[in-house]
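So you can see what is in the structure, the chains are spelled out below.
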Amino acid sequence: MAKWTEADIPDQTGRTVLVTGANSGLGLRTAEVLGARGARVLLACRSPERGQRALERVLAAGAKAELVRLDLADLSSVREAAAAVRERTDDALDVLVNNAGVMAVPLGRTADGFERQFGTNHLGHAALTWLLMPALRTRPGARVVTVSSLAHQTGSIDFADPDYEVRRYSAWGAYGQSKLANLLFSRELARRAALARLDVTSVAAHPGITATELSANTARSRGNALFGLGAKAFNLVSQSTDQGTLPQLYAATAPDVEPGGYYGPDGFRGLRGHPAPSGSTAAARDELAASRLWDLTAELTGVEPDPA
């Protein structure tokens, strides 16, 4: 069977796509490719300067693109971004790609006091998704793509202490928890959308091992030369950003995507390759935990879940 590539992406003319973390790496490549296929692309970025550079790059390729200010580590910014997107699109959003994230950073807190990785990678994206659901509901075949990671395999959700206020902090443990939360949220959204009979497909994807800014950002946050060398070594053995972006592009556009599905590289242990259904842990398929996380997320963010 032929491998899926960017050439298989259907025409995206008339569709509007929002990509978080679109200033570099997987997010920027996603915006570039979908824009080149005719989509109107909204680049949601935390840094105005880096976002502007990314916007100019996408526009230079002839795409219709706009910049949206979004800091996922600040729920007030999430609310403002969602309101801006709904206004700019007249409540008509076809695809939301929850791509942005931080990885294995030192213990820190978001503007609302949450552990930084759980707050940014999961809570910020969950709140954004719920706040944008009115715009997604209006579009036939709308999709929510949530980017998880192989690191979900090491994750567990501590419902009593998700923000590491009591237990000893583990940078990689917190990252695994946030990526498991991404996967559980994506599947619970798919389940609830089906029950509500919404024409909204929720699906997850992961890039395998891909050379992006994420590992470099981790090294910078540590301020440690050894971590910097490790990041460079990681990128040497990783697949390219273009290749690593394929699973989320597939999730966003392929006609045979299954609601609640999880897609990643088809190579050894999902490390590299072309898009295909990906395996996940039993913890990622725990429906009770997914429902419990949904409720906890609503409580922590103060955002009304949609669908309820």
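Our subject in this report is the structure included herewith. (Residues numbered from 1 in each chain as written. Predicted model: local features only at pLDDT ≥ 70, side-chain atom pairs only at ≥ 80, totals over all residues. Heavy atoms only, no water.)

1. Considerations on the pairing of strand β7 (residues 262-265)
Then comes step 1: Of the strand pairs in this sheet, strand β6 (residues 200-205) and β7 are connected by two bridges, and their pairing is parallel. Paired with A204 across the bridge in β7 is Y262.
Then comes step 2: Sheet topology note: the β7/strand β8 (residues 275-277) ladder contains three bridges and is antiparallel. From the neighbouring strand, P265 faces β8, where its bridge partner is P275. (Pairing = 2+ DSSP bridges. Helix = DSSP H or I, 4+ residues; strand = E, 2+ residues; numbered from the N terminus.)

2. Structural notes on the sheet that holds β8
Then comes step 1: A sheet is described by the order of its strands in space; here eight strands give the open sequence β3-β2-β1-β4-β5-β6-β7-β8, paired in mixed fashion. Each edge of the sheet is formed by a strand with only one pairing partner; in this case those strands are β3 (64-69) and β8. For this sheet the average axis-to-axis angle between neighbouring strands, irrespective of direction, equals 25°.
Then comes step 2: Here strand β1 (residues 16-20) pairs with strand β4 (residues 95-98) via three bridges, running parallel. When the bridges of β4 are listed, V19 appears paired with V97.
Then comes step 3: Across the sheet, helix α2 (residues 48-60) is in contact with β2 (40-45) and β3; its angle to β3 comes to roughly 170°.
Then comes step 4: Along the sheet, helix α9 (residues 246-253) makes contact with β4, β5 (142-147), β6, β7 and β8, crossing β5 at roughly 160°. (Axes fitted to C-alpha atoms, helices over the stretch in contact; angles between N-to-C directions. Contact = heavy atoms within 4.5 Å.)

3. Quick notes on the pattern of salt bridges
Then comes step 1: Tallied over the full model, the rule gives 14 salt bridges.
Then comes step 2: With its nearest N and O atoms 3.2 Å apart, the salt bridge here joins E66 to R88. Of this pair, E66 sits in strand β3 while R88 sits in helix α3 (residues 75-89); the two residues are 22 residues apart in sequence, bridging distant segments of the chain.
Then comes step 3: E66 sits in the partly exposed class, given a relative accessible area of 22%.
Then comes step 4: Connected through salt bridges with shared partners, the residues E6, R29, E32, R57 and D242 form a single ionic network. (Salt bridge = Lys/Arg side-chain N within 4 Å of Asp/Glu carboxyl O. Buried < 20%, exposed > 50% of the residue type's maximum accessible area, 1.4 Å probe, protein only.)

4. Quick word on the environment of D306
Then comes step 1: Along the chain, D306 falls in the segment after α10 (287-301).
Then comes step 2: For the pair D306 and G119, spaced 187 residues apart in sequence, the C-alpha to C-alpha distance is 19 Å.
Then comes step 3: What D306 contacts, discounting residues up to four positions off in sequence, is W130, M133, P134, R137, L189 and W294.
Then comes step 4: Within polar-contact distance, the side chain of D306 engages the side chain of R137 at 2.6 Å. (Polar contact = N/O pair within 3.5 Å; in protein donor to acceptor, adjacent residues only side chain to side chain.)

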